[in-house]
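Spelled out from the first residue to the last, the chains are:
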Amino acid sequence: MSSRTEPTATESSAVSEEGAPSGSAIEIEGVSKTYAADAGPVHALTPTDLRVGPGEFVVLLGPSGCGKTTLLRMLAGLEVPTQGSVRIGDRTLFAPGALTPQSEALGSLGFVFQAPTLLPWRRIAKNIELPLEGKGPGRRERRERATRMAEKVGLEDFLGHYPRQLSGGMQQRAAIARALVHDPDILLMDEPFGALDAMTRDQMNILLQQLWLDTGKTVVLVTHSISEAVFLADRIVLLSPRPGRVQDIVEVGFPRPRPLSVSADPKFGELVAYLRSQLGEQP
Amino acid sequence: MAAVSEVARADLRRLRRRRLMESRWILWVTTPVLLLLLLGAWKLYTVISGVGALTVPPPEAVGGALFELLGRDMLYEAAYYTFYSTVMGFIIAVVVGVGLGIVLGKMHLLEKISAPFLVATQVVPKVAIVPLVLLWFGFGIASKIFMAAIISFFVVMQNTILGIRSIDPGHRDLMKVIRAPWWKRIISLDIPSSLPFVLTGVELGVVFAITGAIVGEFLGGDDGLGALAVVMLAGMRTDQLFATVIVMTLMGFVLYAVVSAIRRVAIPWHESSGRVTSL
Ligand SMILES: Nc1ncnc2c1ncn2[C@@H]1O[C@H](COP(=O)(O)OP(=O)(O)OP(=O)(O)O)[C@@H](O)[C@H]1O
Ligand SMILES: [Mg+2]
């Protein structure tokens, strides 16, 4: 565990300092974001460096308003950094000072938004299929893959329903299936399980870990939940608000696959306690 | 215990009321009843007030006139003429209104610049430009089609703009993230998302179109229900005038019902589809 007090924290020892740029799946350098609002500028994120290795599971943890969504959206090319550069694999998404993203750099990306954002006029099956449309797989294959994903998230009986006929948690699971259906290299998730009850949440955590172990995707996940962060992460990036900044980066070393019972491990409790104290220290 | 059953009973009452509200057949009962009440009130008024049959003919006289009119080709020719100019004008209004609405909805600057002119086309009293329309398009059907089109086009366009503007930013982000090409965004997001708004505009538009066509007929030419009404008035046949208005109303109902049915079939996923009308 390392604790740093400077406003920017660099990558941990897991990724070599002087490694070639192509060594990381995601690399951000000096990225900051200031929103112009009527009431004056909002410093959502102060200059931040971060590297995410290929196949790494990184969790962004922090209280509401500390810039987690902002950071994630910049990685997806949805928000333009005020300063700094973003690289995905060995391609540049944002060069310093760029005003638009170079979307080709994104390759295939899965994104789970904080809200389900399902298309209300499409049935669940068609919603899950969306990322596959116009990309090669034919109608049959699309439906098969969508069905398989729906089974994984436990929605196989709701393929013919409209989103408004599903509960909030079920809608979010459909959104997760949609984000994974095209087998993306990078998966960005913004509080994907925030709307789920504790039991379903545990199941989804197990499922996500399994998917990740099976496919070796690079995952960046945002959460409010300390225990979820410790359960899932290779590395936890702790953010603090006003202005948003990286407060600490913590390695989590429990062997995989982690069973739910890992939370009974004394080290798990220690880590949770440490993170809680870190979060509590914020001004 | 008593409190629980009280709550349960309230729930049941609410459920019953909702069922009643959602069922369509209730209209088949209430509409004739209300209509009869209205006819009764009308009859009562003509008897009590002693108003002349030339001013307000009693319902049975209007019924007789309607029956007589229904037996004459003149009515069907006029009705067909009005129907034709309404539908043609309406189609033009939908094509132009939706097309312009999409363009203006996408281009904020263009909409801002053109807004005063578009509003001007609406605030200018349409009836006042009928002489000009007659001058340009003649006394034939072209001027009626034009009137129907110009009166209904604005509401279609406004609703289309609103529809394009109301697309959920989250859905736009989704399309970006899956890297959908521009045509895919239009087909899979812009069109279905704005469709409820567009169809509401179209539904209102058809009512405006029939008004436009009839106003055009009132003021020039010898064809259509509007012109027929003018003839009735000139001949002091108030009962037949009433009957003609009833025919116009029925035609409006039919057109509205058709468009409204299309809306419900086209967007079964939308909340409004359970409702009978968006008016
Ligand atoms: N589009 C925007 N315009 C102006 N300010 C914004 C915008 N988006 C975010 N902000 C501000 O930036 C800060 C960080 O927001 P962000 O959404 O990244 O927080 P978050 O960490 O995701 O919070 P939460 O956990 O509540 O989702 C907040 O203070 C917010 O007010
Ligand atoms: Mg957020």
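Residues numbered from 1 in each chain as written. Chains lettered and ligands numbered in written order. Predicted model: local features only at pLDDT ≥ 70, side-chain atom pairs only at ≥ 80, totals over all residues. Heavy atoms only, no water.

## Quick look at the overall build of chain A
So, point 1. Regarding its fold elements, chain A presents seven helices and eleven strands.
So, point 2. The C-alpha atoms of chain A give 19 Å as radius of gyration, which agrees with the globular expectation for 283 residues (19 Å, within 12%).
So, point 3. In terms of overall dimensions, chain A has a C-alpha envelope of 50 × 45 × 40 Å along the principal axes.
So, point 4. Considering only contacts in chain A between residues 6 or more positions apart, those separated by 24 or more positions represent 68%.
So, point 5. With the model as given, the accessible surface of chain A reaches about 12100 Å², and the carbon-plus-sulfur share is 52%.
So, point 6. Side-chain charges of chain A comprise 30 positive and 33 negative groups, with the mean position of each set lying 8 Å from the other. (Helix = DSSP H or I, 4+ residues; strand = E, 2+ residues; numbered from the N terminus. Rg over C-alpha atoms; globule rule 2.2 N^0.38 Å. Contact = heavy atoms within 4.5 Å. Areas by Shrake-Rupley, 256 points an atom, 1.4 Å probe, with all protein chains shown as cover. Lys, Arg positive; Asp, Glu negative; His and termini not counted. Charge placed at Lys NZ, Arg CZ, Asp CG, Glu CD.)

## Structural notes on the coordination of the magnesium ion (ligand 2)
All names here are of chain A.
So, point 1. In the first shell of the magnesium ion (ligand 2), the protein supplies T69 (OG1) and Q114 (OE1), at 1.8 to 2.6 Å from the metal. You can see T69 sitting in helix α1 (residues 68–75) and its partner Q114 sitting in the loop between β7 (109–112) and α2 (124–129), a full 45 residues away along the chain.
So, point 2. For T69, a relative accessible area of 27% corresponds to the partly exposed category.
So, point 3. For Q114, a relative accessible area of 43% gives the class partly exposed. (Donors = N, O, S within 2.8 Å, 3.2 Å for Na, K, Ca; no water. Buried < 20%, exposed > 50% of the residue type's maximum accessible area, 1.4 Å probe, protein only.)

## Digging into the sheet that holds strand β2 (residues 26–35) of chain A
Residue and element names in this part refer to chain A.
So, point 1. Read across the sheet, four strands follow the order β3-β2-β5-β6 without closing on themselves; strand pairing throughout is antiparallel. Where the open sheet ends on each side, the last strands, each with one partner, are β3 (42–52) and β6 (91–94). Averaged over all pairs of adjacent strands, the angle between strand axes in this sheet comes to 25 degrees, irrespective of strand direction.
So, point 2. Direction of pairing for strand β5 (residues 83–88) relative to β6: antiparallel, over a ladder of three bridges. Paired with I88 across the two strands is R91, which belongs to β6. (Pairing = 2+ DSSP bridges. Axes fitted to C-alpha atoms, helices over the stretch in contact; angles between N-to-C directions.)

## Quick notes on the pairing of strand β9 (residues 218–223) of chain A
Residue and element names in this part refer to chain A.
So, point 1. Of all the six residues making up β9, six are buried; the element is thus mostly covered by neighbouring parts of the structure.
So, point 2. Side-chain alternation along β9 places T218, V220 and V222 on one buried face and V219, L221 and T223 on a second face that is also buried.
So, point 3. Relative to β9, strand β4 (residues 57–61) is paired through five bridges, and the arrangement is parallel. The residue bridging V58 from the neighbouring strand is V220, located in β9.
So, point 4. For strand β8 (residues 186–190) and β9, the ladder comprises five bridges, and the chain directions are parallel. Directly across from L187, in β9, lies its bridge partner V219.
So, point 5. A crossover connection joins β8 to the parallel β9 through helix α5 (residues 198–215); in handedness this β-α-β unit is right-handed. (Right-handed = clockwise from strand over helix to strand, strands pointing away.)

## Re the packing of helix α4 (residues 73–106) of chain B against helix α11 (residues 238–266) of chain B
Residues and elements named next belong to chain B.
So, point 1. For the pair α4 and α11, interaxial distance at closest approach is 11 Å and the crossing angle is 40 degrees. Between α4 and α11, the angle falls in the class oblique. Crossing angle aside, the handedness with which α4 passes α11 is right-handed. Every residue of α11 that contacts α4 at L75, A79, T82, F83, T86, V87 and F90 is listed here: V247, M251, L255 and V259. (Parallel < 35°, antiparallel > 145°, perpendicular 65-115°, else oblique. Left-handed = near helix turned anticlockwise from the far one by under 90°.)

## Re the interface of chain B and chain A
So, point 1. In this assembly, 17 residues from chain B lie in contact with 23 residues from chain A.
So, point 2. Surface buried jointly by chain B and chain A totals about 1900 Å² across both partners, of which 66% is contributed by carbon and sulfur atoms.
So, point 3. At the surface where chain B touches chain A, the tally comes to six residue pairs in polar contact (both at pLDDT 80 or more).
So, point 4. Elements that contribute at least two residues to the side of chain B that touches chain A include exactly α8 (169–177) and α9 (182–219) of chain B.
So, point 5. Per-element tally for the side of chain B that touches chain A: the top contributor is α8 of chain B, with seven residues.
So, point 6. Grouping the amino acids of the side of chain B that touches chain A by side-chain chemistry returns eight nonpolar, five polar and four charged. (Buried area = accessible area lost by both parts, 1.4 Å probe. Polar contact = N/O pair within 3.5 Å; in protein donor to acceptor, adjacent residues only side chain to side chain. Nonpolar A, V, L, I, M, F, W, Y, C, P; charged D, E, K, R; others polar.)

## A closer look at the confidence of the model for chain B
As a note on interpretation, predicted positions should not be read in detail where pLDDT is low.
Residues and elements named next belong to chain B.
So, point 1. This prediction gives chain B a mean pLDDT of 86; 94% of its residues lie at or above 70.
So, point 2. Ranking the elements of chain B by mean pLDDT puts helix α1 (residues 2–22) last, at 73, and α8 first, at 93.
So, point 3. If you check the scores for this complex, the pTM reads 0.77 and the ipTM reads 0.85. (pLDDT = per-residue confidence, 0-100.)

## Considering α1 of chain A
So, point 1. In terms of burial, α1 of chain A is largely enclosed, as seven of its eight residues are buried.
So, point 2. Turning to α1 of chain A, its buried residues are K68, T70, L71, L72, R73, M74 and L75 of chain A.

## Remarks on unusual backbone geometry
Residue and element names in this part refer to chain A.
So, point 1. The step from R256 to P257 runs through a cis peptide bond, and the omega angle for that step is -10 degrees.
So, point 2. Examined against the element boundaries, P257 turns out to sit in the loop between β11 (245–251) and α7 (266–280).
So, point 3. Phi at E191 takes a positive value of approximately 45 degrees, unusual for a residue other than glycine.
So, point 4. Its location among the elements puts E191 in the loop between β8 and α5.
So, point 5. E191 gets classed as buried once you look at its relative accessible area, which sits at 12%.

## Looking at the site of ligand 1
Residues and elements named next belong to chain A.
So, point 1. For ligand 1, the set of nearby residues contains 13 residues, the closest of which are S64, K68, T69, T70 and H224.
So, point 2. Contacts to ligand 1 include C66, whose backbone N or O atom sits 3.2 Å from an oxygen atom.
So, point 3. One of the side-chain N or O atoms of T69 is found 2.5 Å from an oxygen atom in ligand 1.
So, point 4. For ligand 1, whose accessible area on its own is 640 Å², the fraction buried by protein is 65%.
So, point 5. For the shell around ligand 1, the secondary structure elements donating two or more residues are β3 and α1.
So, point 6. In terms of residue count, α1 provides more of the shell around ligand 1 than any other element does, three residues in total.
So, point 7. In terms of residue class, the shell around ligand 1 is made up of four nonpolar, seven polar and two charged. (Near = heavy atom within 4 Å.)

## Here's the deal with the nonpolar core
So, point 1. Ranked by internal contacts, the top residues of the largest apolar core, which has 53 residues, are L221, V230, I236 and L275 of chain A.
So, point 2. Top element by residues in this core is helix α4 (residues 168–180) of chain A. It accounts for seven residues.
So, point 3. In this structure, I236 of chain A is in contact with V59, L61, A229, V230, D248, I249, V250, V252 and L275 of chain A, ignoring residues within four places of it in sequence.
So, point 4. Grouped together as the second largest cluster of nonpolar side chains are 47 residues, V58 and I249 of chain A together with M175 and L199 of chain B included. (Core = buried A, V, L, I, M, F, W, Y, C linked by side-chain atoms within 4.5 Å.)

## Points about the pairing of β5 of chain A
Residue and element names in this part refer to chain A.
So, point 1. As paired strands, β2 and β5 are joined by five bridges and run antiparallel to one another. Bridge pairing in β5 places I28 opposite V86.
So, point 2. A loop of two residues connects β5 with β6, the two strands running antiparallel in sequence, and G89 in this loop sits at a positive phi of about 60 degrees.

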